[in-house]
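# Residue-level structural notes
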Amino acid sequence: MREATLPPAALPALRATGRAVLPVAVGAVALLLLVLVLYPSVVLVLNAVTADGRVTLQLLARVAADSGAHRALVNSLVVSGSATAGGTVLGTVFAWLVTRTDLPGRGRWDTALLLPYMIPPFIGAIAWVYLLGPVGYLNQAWRALTGAQEPLLVIYGPAGVVAVLTLYGYPIAYATMRGVLERMHPALEEAARIAGAGPARVLREVTLPLMLPGVLAAAVLLFMSSLANFGIPAVIGFPARYVVLPTKIYDTILNFDLPHNLQVAAALSLWLVAIAAVLLWSQRRLLRRATFAVVTGQAGAPTRLTLGRWRWPAVMGLGAFVLVSVLLPLAAILLTALTRAYGLAPAPEHLTLGHLRTALLGIPKVQRALVNSVGLAAGSATLVVALGLVLGYLVERVRVRGAPLLELLVTIPYAVPGTVVALAMILAWLRPVPLVGLHLYNTIWILLVAYVARFLVFGFRTVMAGLAQVHPSLEEAARISGATAREAFQEVVLPILRPSLAAGWVLVFIPAVAELTLSVLLYSAGHETLGVVVFGLHEEGKIALSAAVAALVTLLLVALHLGVRAVAVREVLP
């Protein structure tokens, strides 16, 4: 057929089309990346190596000699490494159970196991304070049952940080390993079974070696996420004076008595940038190896391992885990929001809707934060999708020179911790924008710029994945039929890309609604966000009110996520 002969000719034609609009598109992309990534990054580095207007390594040496910085670095590596080990094991085991065994209700378990990913980590940490704080519900139950005066456990400190990082990080490993296992060709496992190998030997000698690159890639992703996390160490580590690098940088930025505090924080940030660069490089190599380890395309449905007598113990184990990791924290948030005062037993006479009413109607800051957060999330998601579309088309279709550099620049703001991105934005936009004199600092626009930079990779990656499914011959066929380049793009490419664009929009909107790490350093009076309000109320000791706002935010995010998931399933299975 003629269509079969089109692909070789299609690419040059499309690239010629691309070249026609290339100067404008490349100029816009260059300006965009200059504002979002390059300028803030350069300013961050310059601030780390300059003092009193001259280039010097004095700040780097000062940070290198700081015992507090050493302790924060060691703490970061310890809690991130421990949470990575625990989260990777949990995520891998759960993914194997859901995808490779005859576990009853696999679809429901899949949804339940991903629920912690829908809850902002700092809200999860606050929930665990309600459970295992000195007067938390579990400690109250322990005292009531045993008559003990001391609490059973107190969540504050390194063990608590590791536990909560693990509970809210394992979905990263689970989602990664589920994808790896679903794409893994079952032929090798089936051949081993035909050759007489038992289930345990197939798992040990075939499945696990095939999974290993994916497991390592998931571990790297999880380590990066744990290392960058600010909310959990801030809520659980600060009360025990346990400091990690992101909270150390945050503390340094806000220490206005420290000479050159922003420059010291910039020098400290370079440690995290260096670690992130090594991890990003490792992740790329591991993902490349993981791609060789699986076979995609015509794989049939794998033969599921029969759990036999372990079937119901596995169900009960998963149920207990979901109870502890999801239901108990959600219940703790709701009970605290409905109880007159934190520490009271949740008896009927102590329950009230007053905190929820006050949070919704009685605090202007909360109403303002709701409007700001939803507006920022919608605005940044729309901009990210639009910019991701331009970037993705230039890289995937036009194949502009320097495409790998473009991909790297898009990835950097998400690969480095949010605290570093926020500091770079402060240093870059503290003064009016050169040439135009525009003020970004102390306005809501700096939050929008930071959100777009941080989440741009989501829009870019989803567009790239969508474009990979649109063969260039479709556009070429439209052009041969007389359509202009714009009409071919608008009538052929965009309709096919619509699900990917919608997915990218949701991927940005949901985390942006309750974003904390960037917002807590960049917000200004009148421009609070929901994450800042919840964190601020908790730090001020207004526990019930913070729980009320956290409950509303959590319900909003879970409903959004489940709604989107239901729509996606309905589109796939009409």
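Residues numbered from 1 in each chain as written. Predicted model: local features only at pLDDT ≥ 70, side-chain atom pairs only at ≥ 80, totals over all residues. Heavy atoms only, no water.

### Some thoughts on the packing of aromatic side chains
Taken as a whole, this structure holds 11 aromatic pairs when the rule is applied. Plain terms: the ring middles of Trp505 and Phe509 are 4.9 Å apart, the flat faces sit at 10° to each other, and that makes the pair stacked. In this pair, Trp505 and Phe509 both sit in helix α20 (residues 485-513), four residues apart, roughly one turn of the helix. For Trp505, a relative accessible area of 29% translates into the label partly exposed. Linked through ring pairs, Tyr414, Tyr451, Phe455 and Phe458 together constitute an aromatic cluster. (Phe/Tyr/Trp six-rings, centres within 6.5 Å; stacked < 30°, edge-to-face > 60°. Helix = DSSP H or I, 4+ residues; strand = E, 2+ residues; numbered from the N terminus. Buried < 20%, exposed > 50% of the residue type's maximum accessible area, 1.4 Å probe, protein only.)

### Let's talk about the confidence of the model for the chain
Per-residue pLDDT for the chain has a mean of 84; in total, 91% of the residues score no lower than 70. Predicted confidence is poor over residues 1-10, with pLDDT under 50, and the contacts of this stretch with residues over four places away or in other chains come to nine contacts. Taken together, the stretch residues 292-299 has pLDDT below 50 and engages in 10 contacts with residues farther than four places along the chain or on a different chain. (pLDDT = per-residue confidence, 0-100. Contact = heavy atoms within 4.5 Å.)

### Concerning the side chain of Ser226
Checked against the element boundaries, Ser226 lands in helix α9 (residues 199-228). A residue is classified by how much of its surface remains accessible, and Ser226, at 5% relative accessible area, is buried. If we skip the residues at most four places from it in the chain, Ser226 touches Ser80, Ala83, Thr84 and Leu165.

### Brief notes about a nonpolar patch on the surface
Side chains of Leu31, Leu34, Val35 and Leu38 sit close together on the surface and give an oily, nonpolar patch of about 320 Å² of accessible area. One can find Leu34 in helix α1 (residues 2-48). Its relative accessible area of 42% is what places Leu34 among the partly exposed residues. (Patch = residues over 30% accessible without salt bridge, like charges linked within 9 Å, V, L, I, M, F, W, Y side chains within 5 Å. Areas by Shrake-Rupley, 256 points an atom, 1.4 Å probe, with all protein chains shown as cover. Salt bridge = Lys/Arg side-chain N within 4 Å of Asp/Glu carboxyl O.)

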